[in-house]
Amino acid sequence: MQMQCDCDMEHDDVDLNLDKDDLPLRANTSHILVRHYVLDMTIHFHRKVISGSIVLFLEPVAGPGALASPGRRTEIIGGQGVRFGETGKTPAESWCITGHVGETRAKFKDKAVTALQDDRKDKTRVGCGVSGTAEEEGAKSRNSGEAVGVSWAAADIAGRKCQPPSDVGKVHNVPQSAIPHPNASWESTSDGDFTLVLDCCDLTVSKVEALDIISVPSMSGLVEEVKCQRSGLSTVDQSAALIQKLVSIPSGQWREQHRLFSQCSRAPASQGGGTLQFHTDRWSLQVRKRGAGTPQDFPRALRICYETRPEGGSVTWTRDQDNRVCVYTAGSPINNRALFACQEPPVAMSTWQARVRAPSECVVLMSGENQAMPTEEEDTGLLFWDYYVTMPMPASTFTLAVGHWRQATAEFTTAVESWPSGRMECGETAKAGPGSETVAGPAAGAGSSTSEVIKCSTLQTGSGDQTSSSSVFCDSQGHSVACFPDTVDESVTCSHDDYPCRFTEPSAWSQRVVPHRVFAPDCLLQKAQMGVLSLLPRCLAAAHAVLGVHPFPRLDLLIVPAGFSSLGMASPHVVFLSQSVLCADGAGERGRSLCGSRLCHELAHSWFGLAIGARDWTEEWISEGFATYLEDIIWAQAQQLSPLETAEQCDLKALLRWRRLSDELHNSEEHLQVLRPNMEKTGQVTESGSSMVKHALNPDKTFMQVHYLKGYFLLRFLGSQVGEQQFIDFFRLFVKKYHGQLILSQDFLRMLLATFPDMGRHGLTLSTVYAQWLDQPGIPQWLCERSAVWSQARLVDEVKAEVIKWIQLSRSMQGKGRKRKKAEPKVNYKEVSSEQLLLLLELLLEEAELSVTSLRSLERTYCLQKQDAEVRHRWCELVVKHGLSQAYRDVEHFLVHDQAMGVYLYGELMVQEDPDQQALARRCLSLVSEEMDRSARRVVEEMVL
């Protein structure tokens, strides 16, 4: 692993070498950890920024250079959608990478790299005392004098109303001449002080201050406890002991703990030294306190006042399909560091609570265990939404979406949906001032008046003191889903840190379908209802049947704007889905395959990627390979297929994936084909905890699926060695042992080999798996052999027979003049599944020539414009390859409405060197450039312009 020097070097203002493609994780997590975040954010659509504050509650790591204990790490991600384990940015799994497309990618690869390099500019800032930023782009926000949005509660201290300091939350007007030279000033003030290093990018930080926790009235009980236990402590030591008490409160008292966190986040700055020195460079925010030479001496509660930037890579400002403004966290390769300063390394596990203010007509969705109810803020007229989590998660899993979404409802849905106890009852409204404490309840229905509240049932479930029961319900299509009571699995042993774990709750084990909601813009609401909402209960129940208790107590699913660059992305409690997975009108049950399998993929990430994650972000296969493997198993369960039908469907999908992987490996650089690029150094960090994520910023990697596909085939190989059903049973055992933790590849493999010792006796060892699958490029021998078997399967033979019919039809129609052309011969074509149709089109793409008549007949026979996006993508490839001008409108429609999958089609249009096709590519780009994902747009612009 490429590493940078320790803390002494981490504050150097050194950007990445543009010849490198690694992402730095600079937070010094081996020295000090964030245990809890309290965020206060205000959405400003007119300026495309989020302003506010974040309060960090810190705990030094015991022992010099001690490493943080393994925890959990997630997409994004769908969600690289990759977000490194479903919280980074991921390529759409269904992007077509057949031979010709692979050539297109290779042709434009250098241009894509150049485009990304041109976009990287060094941005250096410094803050000292109450200094603001040094960049001109921060001047506008400073001159506006606009508050950063710190929320203050009314508190009675010594009989007087506690008021926030007048300058807290303000962006200070500081003359540029008053700001010292960044490096010189920052380095000259070190004096051996400890430096807190946070991951940060494209944030305008105005102030960092230590908080006076002792003065918070709600903390008086803990203050007295600390005084009794340790008399004679200085104020600084007393504050540190107080925070230690706060972060160590047992999980059974999490409600009280969160209340105290919230109160403490509004504390005034410490007297005489509360304002801290800070410095920002390209990838980090660094903070010092004069005289604090060790992590133990450093303040334990900090407030950072800041503002995002419109160009920040973690946040996407755009318009939805109804042309209404919205914003969501993009799950980009840099994760959340352009949303708030945080500790990005996976081992930095923390809980959080957040208040988000937004215009009254908007809905706020976020990673949170509760279903938040909006509350009106009297002094601003905005609504605020309060969310929280009690399960420690990496900061990169935090997800936010704010827009004019509406909730889909199903006429036949009678599912028993359960909400956390202590929430407001349905129909109850709330109104509070900026300092009031509110209890979140079910969210208001998007698209209706914000005073309206979503109607729901009140069965209790979730963490701590909550209960649930079983039920039987029907989805919107009338399919019954039974929720039979289960008993707690006594074999579950929790090895993670203390939190209210669902794996130990009887209510969670009996809950086959967790409470769920589906949101979409108004124009897609009916499709979301008939497609996603009707499938979701079945997929949730199927996932439970395969993997056991749901790790998270609820789920919101959002159809994101058209520019979203992936088919899906999973985060705790929130799933983003592309509109491309929605069923076309009149598609029927067959057209639901892509939507169903994608839902199952994202649900699988609840277990692999979120509840269990990779300790080293380069091992993305632990998230994406597992989710790809499990989506087939869960989707077959949701369809209630027989064992034979399941095996045949899985083998057909395996062949399709083999074709994609084979093409990708033939058209990519070898170093990007390795699942474990750090090899024996995987998981290693510097003494401070910093590291580099290998190839994370490589633009070519953004469009690769090797971690999905090669990881999937490794699991198929392992399953073939022990038996498929035994392998699935082993997954449940693995989840029971490792939920709530981060793992490396060897953790999974060692437990597998120990559970099935015959594998070792037959020569399968940890070293052989590394050598054949994880540490080498190319295709393992087993996969080459197995692909030949899949090619002879019954469902494949059926497709081959249909392909022959189409080739014969094409040849019979070639060379016939328009006037003398005979009537098209009648052929009996066999009905095929979506996966078979996909393979049929891929095989036809291998034909050098197909007649116009046969292509038009092909489109009519299979109603290709009513098929799922994967099928329509292959149809568009056929249209472009054979210059079928009558169907160029289909290509244009695809590029406009299926942006998550259309990047390579632009290359195909340009590489043909046909003036009409190139004009089509430029026209489509002009139509969508404003809403297109920024990374994808850079690549396409290099192809087209």
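On a predicted model such as this, the values are computed, not experimentally measured, just so you know. Along each chain, residue indices are assigned from 1 in the same order as the chain's sequence is written. The predicted origin of the model limits local features to residues at a pLDDT of at least 70 and limits the giving and counting of side-chain atom pairs to 80 or more, whereas totals for whole chains, interfaces and linings rest on all residues. Hydrogen atoms and water are omitted, and side-chain values are computed over all heavy atoms in the structure.

Asker: Would you mind showing me how to read the overall build of the protein here?
Answerer: Across its full length, the protein holds 26 helices and 31 strands. Counting the 945 residues in the protein, one finds 65% classified as buried. We get accessible surface area from the Shrake-Rupley algorithm with a probe of 1.4 Å; when it comes to residues, only the shown protein chains can shield them. As presented, the protein carries roughly 33300 Å² of accessible surface, and 50% of it is formed by carbon and sulfur atoms. Per the convention used, a helix needs a DSSP run of H or I reaching at least four residues, while a strand needs a run of E reaching at least two, with both numbered from the N terminus. Buried means the residue's accessible area, taken with a 1.4 Å probe over protein chains only, is under 20% of the maximum for its type, while exposed means over 50%, and partly exposed covers the values in between.

Asker: Whenever I open this one, the side chain of D632 confuses me. Can you help?
Answerer: Mapped onto the elements, D632 comes out in helix α11 (residues 621-639). Taking relative accessible area as the criterion, D632 reaches 2% and is therefore assigned buried. Sequence-distant contacts of D632, that is, excluding residues within four places in its chain, are made with C650, K653, R657 and Y712. It only takes one pair of heavy atoms within 4.5 Å for two residues to be counted as in contact.

Asker: I would appreciate a short explanation of the packing of aromatic side chains in the present structure.
Answerer: Two rings from Phe, Tyr or Trp (for Trp, the six-membered ring) form a pair when their centres are within 6.5 Å of each other. A pair whose planes differ by under 30 degrees is stacked, one over 60 is edge-to-face, and the rest are tilted. Counted under the stated rule, the structure contains 36 aromatic pairs. Relative to F576, the ring of F564 has its centre 6.1 Å away and its plane inclined at 85°; by these criteria the two rings are edge-to-face. With F564 in the loop between β26 (555-559) and β27 (568-571) and F576 in strand β28 (residues 574-577), this pair connects stretches of sequence that are twelve residues apart. F576 carries the same exposure label as F564, and that label is buried. Looking at R676, its charged tip hangs above the ring of Y770, at a distance of 3.8 Å from the centre. Working rule: Lys NZ or Arg CZ, within 6 Å of ring centre, within 35 degrees of ring normal, means a charge sits over the ring.

Asker: What am I meant to see in the sheet that holds strand β13 (residues 325-329) here?
Answerer: Two orientations exist for strands paired in a sheet by backbone hydrogen bonds: parallel and antiparallel. In this description, strands pair whenever DSSP reports at least two bridges between them. Taken in spatial order, the four strands make up an open sheet running β12-β13-β18-β15, and their pairing is antiparallel. Each edge of the sheet is formed by a strand with only one pairing partner; in this case those strands are β12 (315-319) and β15 (363-366). Pairwise comparison of adjacent strand axes, ignoring direction, gives a mean angle of 15° for this sheet. Direction of pairing for β15 relative to strand β18 (residues 400-403): antiparallel, over a ladder of four bridges. Looking at β18, one finds that V363 is bridged to G403. Orientation is described by axes fitted as lines to C-alpha atoms, over the contacting stretch for helices, and by angles from 0 to 180 degrees between their N-to-C directions.

Asker: I keep staring at helix α24 (residues 903-911) and nothing clicks. Help me out?
Answerer: Count 3.6 residues to each turn of an α-helix, and residues three or four apart come out pointing the same way. In terms of residue burial, α24 counts as a mostly covered element, since eight of its nine residues are buried. Buried within α24 are the following residues: V903, Y904, L905, Y906, G907, E908, L909 and M910. Where α24 terminates, the next one or two residues include E913, which has phi positive at roughly 60°.

Asker: Is there a simple way to think about the pairing of β27 in this case?
Answerer: Put simply, side chains in a regular strand alternate between the two faces of the sheet. Burial along β27 is two-sided: the face carrying G568 and A570 and the face carrying M569 and S571 are both buried. One ladder, built from four bridges, connects β27 with β28; its direction is antiparallel. If you follow A570 over to β28, its bridge partner there is V575. Joining the antiparallel neighbours β27 and β28 is a turn of two residues, in which H573 adopts a positive phi near 75°.

Asker: Can you help me understand the sheet that holds strand β19 (residues 406-407) in this one?
Answerer: Reading across from one edge, β19-β25-β26-β28-β27 is the order of the five strands in this open sheet, with mixed pairing throughout. In the strand order of this sheet, the two ends are held by β19 and β27, each with one partner. Each of β19, β25 (516-520), β26 and β28 is contacted by helix α9 (residues 525-547), which is oriented at about 155° to β25, the strand it contacts most.

Asker: I'm lost on the pattern of salt bridges in this one. Help?
Answerer: Pairing is possible between side chains of opposite charge, provided their charged atoms come close. We define a salt bridge as a contact between a side-chain nitrogen of Lys or Arg and a carboxyl oxygen of Asp or Glu at a distance within 4 Å. Here the structure, examined in full by the defined rule, presents 29 salt bridges. Of the charged contacts in the structure, one is a salt bridge between E870 and R660, with a shortest N-O distance of 3.3 Å. Here E870, found in helix α22 (residues 869-882), pairs with R660, found in helix α12 (residues 643-666); they are 210 residues apart in sequence, far enough to count as distant. Assigned by exposure class, E870 and R660 land together as buried. Here R676 makes a salt bridge to D775, at a shortest N to O gap of 2.8 Å. Of this pair, R676 sits in the loop between α12 and β30 (691-693) while D775 sits in the loop between α17 (766-774) and α18 (781-790); the two residues are 99 residues apart in sequence, bridging distant segments of the chain. By relative accessible area, D775 is classed as buried at 10%. A single salt-bridge network, built from bridges that share partners, covers E631, D632, K653 and R657.

Asker: Would you mind showing me how to read the state of the cysteines here?
Answerer: Cysteine pairs can be linked by a disulfide, which is a covalent bond between their two sulfur atoms. In what follows, a disulfide is any cysteine sulfur pair within 2.5 Å. The final tally for this structure, using the stated rule, is zero disulfides. In this structure C201 is a free cysteine whose sulfur lies 7.2 Å from that of C200, the closest cysteine sulfur available. Looking at C201, the relative accessible area reads 2%, which means it is buried.

Asker: I'm lost on the nonpolar core in this one. Help?
Answerer: Note on soluble globular proteins: their nonpolar side chains tend to be buried together. By size, the foremost hydrophobic cluster in this structure holds 225 residues, and its most contacted members are L718 and Y906. Of the residues forming this core, the biggest block, 13 residues, is contributed by α9. With sequence-adjacent residues up to four places away left out, L718 is seen in contact with F727, F748, L749, L752, M759 and L764. Residue types Ala, Val, Leu, Ile, Met, Phe, Trp, Tyr and Cys, when buried and joined through side-chain atoms within 4.5 Å, form a set referred to as a nonpolar core. Core analysis: the next-biggest nonpolar cluster, separate from the first, contains 21 residues, I213, L242, L246 and I249 among them.

Asker: Help me understand unusual backbone geometry in this model?
Answerer: Generally, phi is negative for residues other than glycine and the peptide bonds are trans, each holding for most cases. Positive phi outside glycine occurs at K48, with the angle close to 60°. Within the secondary structure layout, K48 lies in the loop between β2 (32-44) and β3 (49-60). On the accessibility criterion, K48 (44% relative accessible area) is partly exposed. Of note in the backbone geometry, H695 takes a positive phi value of approximately 70° without being a glycine. Residue classification places H695 among the buried residues on the basis of a relative accessible area of 9%.

Asker: I'm lost on the pairing of β25 in this one. Help?
Answerer: The buried fraction of β25 is high, at five of five residues. Alternating positions in β25 separate into two faces, H516, V518 and A520 on one and R517 and F519 on the other, with burial throughout. Here two bridges tie β19 to β25, and the two strands are oriented antiparallel to one another. Residue Q407 lies in a different strand from β25, and its bridge partner there is F519. As paired elements, β25 and β26 share four bridges and run parallel to each other. Opposite H516, over in β26, you have L555 as the bridge partner. Assessed by its sense of winding, the connection that carries the chain from β25 through α9 to β26 is left-handed. Here is how to tell: hold the view so the strands point away, follow the path from the first strand over the helix to the second, and if it runs clockwise the crossover is right-handed.

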